[in-house]
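Tertiary structure, described
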Amino acid sequence: MATPLDNRVVVLGVTGGIAAYKAVELLRRLRELGADVHVAMTRAATSFVGPLTFEALSGHRVFSDVLDLDAGGAAGVQIGHVALAQTASAVVVAPATADFLARAAAGRADDALGALLLATRAPLVIAPAMEHHMWSHPATRANVQTLVERGARLVEPDEGALASGATGRGRLAAIEAIVGAVLEALGGKRDLVGRRLVVTSGPTREPIDPVRYISNRSSGRMGAAIAELAAQRGARVTLISGPVSAPLPPLDAVIPVETAAEMHRATMDQARGADAVIMAAAVADYAPSAAAKRKLSKSEQPLDRIELVRTPDILAELGATRPARVIVGFAAETHEVLEHGRDKLLRKKADLIVANRVGTAESGFDSDDSEAVLLFADGRVKVLGLVSKEVVAARLLDAVAELLAGEPQRSRTQAPRARSKARG
Ligand code: C5P
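Let us look at the structure shown here.

Next up on the list: the overall build of the protein chain. Secondary structure assignment for the protein chain yields 15 helices and 21 strands. Its C-alpha atoms give the protein chain a radius of gyration of 25 Å, near enough to 22 Å, the size a compact globule of 424 residues would have. On the principal axes, the C-alpha backbone points of the protein chain span a range of 75 × 60 × 45 Å. Counting all 424 residues of the protein chain, 50% fall into the buried class. Pairs at least 24 apart in sequence give 66% of the contacts found in the protein chain among residues at least 6 apart. Entry remark: accessible area of the protein chain is about 19800 Å², with carbon and sulfur atoms responsible for 52%. Side chains of the protein chain carry 51 positive and 48 negative charges; the gap between the two charge centres is 5 Å.

Right, let's talk about the site of the ligand for a bit. Around the ligand, the surrounding shell holds 14 residues, and the nearest of these are Met 279, Ala 281, Leu 315, Phe 330 and Lys 344. Here a nitrogen atom of the ligand and a side-chain polar atom of Thr 311 are 3.3 Å apart. For the ligand, an oxygen atom lies 2.8 Å from a polar atom in the side chain of Lys 348. When the ligand is considered free in solution it has 450 Å² of accessible area, and contact with the protein chains removes 87% of it. Residues that form the shell around the ligand fall into these classes: eight nonpolar, two polar and four charged.

The strand order across the open sheet formed by five strands is β2-β1-β5-β6-β7, and the pairing between neighbours is parallel. Looking at which strands have only one partner, the edges of the open sheet turn out to be β2 (36–41) and β7 (153–154). As paired strands, strand β5 (residues 90–96) and strand β6 (residues 124–128) are joined by four bridges and run parallel to one another. Residue Val 93 lies in a different strand from β6, and its bridge partner there is Ile 126. Strand contacts of helix α3 (residues 51–58): β1 (9–14) and β2, with the helix running at about 170° to β2, the strand carrying the most contacts.

What follows deals with helix α1 (residues 22–32). Of the positions making up α1, those classed as buried are Ala 23, Val 24, Leu 26, Leu 27, Arg 29 and Leu 30. Where α1 is buried, its residues contact β1, β2, α3, β5, α9 (175–185) and α10 (221–232). Once α1 finishes, Gly 34 follows within two positions and takes phi at roughly 100°, a positive value.

Topologically, Val 257 is positioned in the loop between β14 (253–256) and α11 (260–271). For the pair Val 257 and His 38, spaced 219 residues apart in the sequence, the C-alpha separation amounts to 38 Å. With near-sequence residues (within four places) excluded, Val 257 lies in contact with Ile 240, Ser 241, Gly 242, Pro 243, Glu 262, Met 263 and Ala 266.

One open sheet holds the eight strands; their spatial order is β14-β13-β10-β15-β18-β19-β20-β21, and the pairing between them is mixed. In this open sheet, the two edge strands, each paired with only one partner strand, are β14 and β21 (381–388). Within this sheet the neighbouring strands show an average axis-to-axis angle of 15°, counted without direction. With respect to the sheet, α11 is in contact with β10 (196–201), β13 (236–241), β14 and β15 (276–279), its orientation differing from that of β10 by roughly 170°. Its contacts with the sheet put helix α14 (residues 389–405) on β10, β15, β18 (326–333), β19 (352–357), β20 (369–376) and β21, and the angle it makes with β21 is roughly 150°.

Between helix α4 (residues 80–87) and helix α6 (residues 112–119), whose axes approach to 9 Å, the crossing angle comes to 45°. By the angle between their axes, α4 is oblique relative to α6. By crossing handedness, the relation of α4 to α6 is classed as right-handed. Contacts between α4 and α6 pair His 81, Leu 84 and Ala 85 from the former with Ala 112, Ala 115, Leu 116 and Ala 119 from the latter. Within the contact of α4 with α6, the residues separate by chemical class into six nonpolar, one polar and no charged.

Here the idea is simple: oppositely charged side chains can pair when their charged atoms come close. The full count for this structure, using the stated rule, is 29 salt bridges. Glu 32 is the salt-bridge partner of Arg 29, the closest N and O atoms lying 2.3 Å from each other. In this pair, Arg 29 and Glu 32 are both assigned in helix α1, three residues apart and thus about one turn of the helix distant. Put simply, Asp 191 and Arg 233 hold a salt bridge, and the shortest N to O gap is 2.8 Å. Of this pair, Asp 191 sits in the loop between α9 and β10 while Arg 233 is found in the loop between α10 and β13, placing the two residues 42 residues apart along the sequence. On the basis of relative accessible area, Arg 233 is assigned to the buried category, the value being 5%. Overlapping salt bridges bring together Glu 25, Arg 28, Arg 29, Glu 32, Glu 176 and Glu 228 as one network.

Turning to the environment of Thr 259, a few remarks are in order. Examined against the element boundaries, Thr 259 turns out to sit in the loop between β14 and α11. Residues contacting Thr 259, with those up to four places away along its chain left out, are Thr 204, Arg 205, Glu 206 and Pro 207.

At the junction of Ala 94 and Pro 95, the peptide bond is cis and its omega measures out at 0° in the coordinates. Tracing the sequence through the fold places Pro 95 in strand β5. The phi dihedral of Asn 7 is positive, around 65°, even though this residue is not glycine. Relative accessible area serves as the criterion here: at 72%, Asn 7 is assigned to the exposed category.

Glancing now at the side chain of Thr 204. Take Thr 204: it is sitting in the loop between β10 and β11 (206–207). Residue class for Thr 204 comes out buried when judged on its relative accessible area of 0%. Of note is the side chain of Thr 204, whose polar atom sits 3.0 Å from the backbone nitrogen of Ala 284. In this structure Thr 204 touches Ile 214, Ser 215, Asn 216, Glu 258, Thr 259, Ala 260, Met 263, Ala 282, Val 283 and Ala 284, once residues within four positions along its chain are discounted.

Definitions and cut-offs
Residues numbered from 1 in each chain as written. Predicted model: local features only at pLDDT ≥ 70, side-chain atom pairs only at ≥ 80, totals over all residues. Heavy atoms only, no water. Helix = DSSP H or I, 4+ residues; strand = E, 2+ residues; numbered from the N terminus. Rg over C-alpha atoms; globule rule 2.2 N^0.38 Å. Buried < 20%, exposed > 50% of the residue type's maximum accessible area, 1.4 Å probe, protein only. Contact = heavy atoms within 4.5 Å. Areas by Shrake-Rupley, 256 points an atom, 1.4 Å probe, with all protein chains shown as cover. Lys, Arg positive; Asp, Glu negative; His and termini not counted. Charge placed at Lys NZ, Arg CZ, Asp CG, Glu CD. Near = heavy atom within 4 Å. Polar contact = N/O pair within 3.5 Å; in protein donor to acceptor, adjacent residues only side chain to side chain. Nonpolar A, V, L, I, M, F, W, Y, C, P; charged D, E, K, R; others polar. Pairing = 2+ DSSP bridges. Axes fitted to C-alpha atoms, helices over the stretch in contact; angles between N-to-C directions. Parallel < 35°, antiparallel > 145°, perpendicular 65-115°, else oblique. Left-handed = near helix turned anticlockwise from the far one by under 90°. Salt bridge = Lys/Arg side-chain N within 4 Å of Asp/Glu carboxyl O.

Spatial relationships are all this shows, so hold off on functional conclusions.
This is how it looks when you write it as structure tokens:
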């Protein structure tokens, strides 16, 4: 599948703040999405992270001096910032220090990054990070406003603990938010801004004893793809994940859980006031009635009979109690996919079920692709066919955005009952 930034040249500007190390992760994410990333560092930034790190990860020379010559240009020697300025599809500066904002607002060209910003017509994304008093200072505010008025996209810093030891607004925004802004600058969707989504993912593990458990083949890739894309499209996402071996997406809120009972607790807790809950987890349906404290031994206790009890059906409880506006479930089936999906839609009172075939080589738990159909509570059916998990995630989020667009945004604290009253 084509990745969203395939063949796009993205210039990553890194300026001199503690958060410069986070630009390494941003570079990695942009590369994962297919971008050809070139890094421009201010001199101060090189005191925080060595250029070699960015060179190794980007595959290109880092440049910082305005007189740097482009060693990578196929046409021989070119002035780096001019050549790059013309080929760049987007420029993202993260972290952007107060000093950088001042120099960019003034149009200074005394280093490679400043010169590049003057020479390029590519969209600019700035993600500031600094001490909170510096961020709120009228000089910084004015510089940011100047840049925004000139068309820059601002990814506001987050609130939280700062390097200075203080707490306040000034932390570099989440990497996925910055990636989202780059995607948006390049024409990507931002239809989930202001929405809060809860996504569950992966299998659960139900312990038999300290070493054995009951689980399933879920890889967690579907849930991770949904969570990641939702964040890129602007949503605040909480990912509740069972034990998975694949790395979890770089989100601010990830809640690792192990058992169905833990997933139940975390989901009901997070679902309150959310815009949507997407149950992509393969929750175990049964768990041993009690987990042995010590490893069961074949010779002493029979292991051929394990008493099982039903786990809480989280999706059914969400459908019955409606703590969030849109409730989405998955139906992983080996056969009669549509019939079972429809049945699940009704029984669990979901708004949308993603019915997909599992258990074939092409489609299923550990494959790249998924043969999926979207079943809506109003009877509509969207056949997606055999597509990648990223495409399923994209179509599913289109559907969620569309369902949410029908109603005004809810505040986090609004109780479900108040909503049904308001609707009469
Ligand atoms: O009933 P079944 O397990 O086939 O339903 C699948 C859907 O229900 C998935 O969305 C899954 O996350 C959810 N589920 C749940 N709690 C369970 C079992 C399944 O929320 N105990």
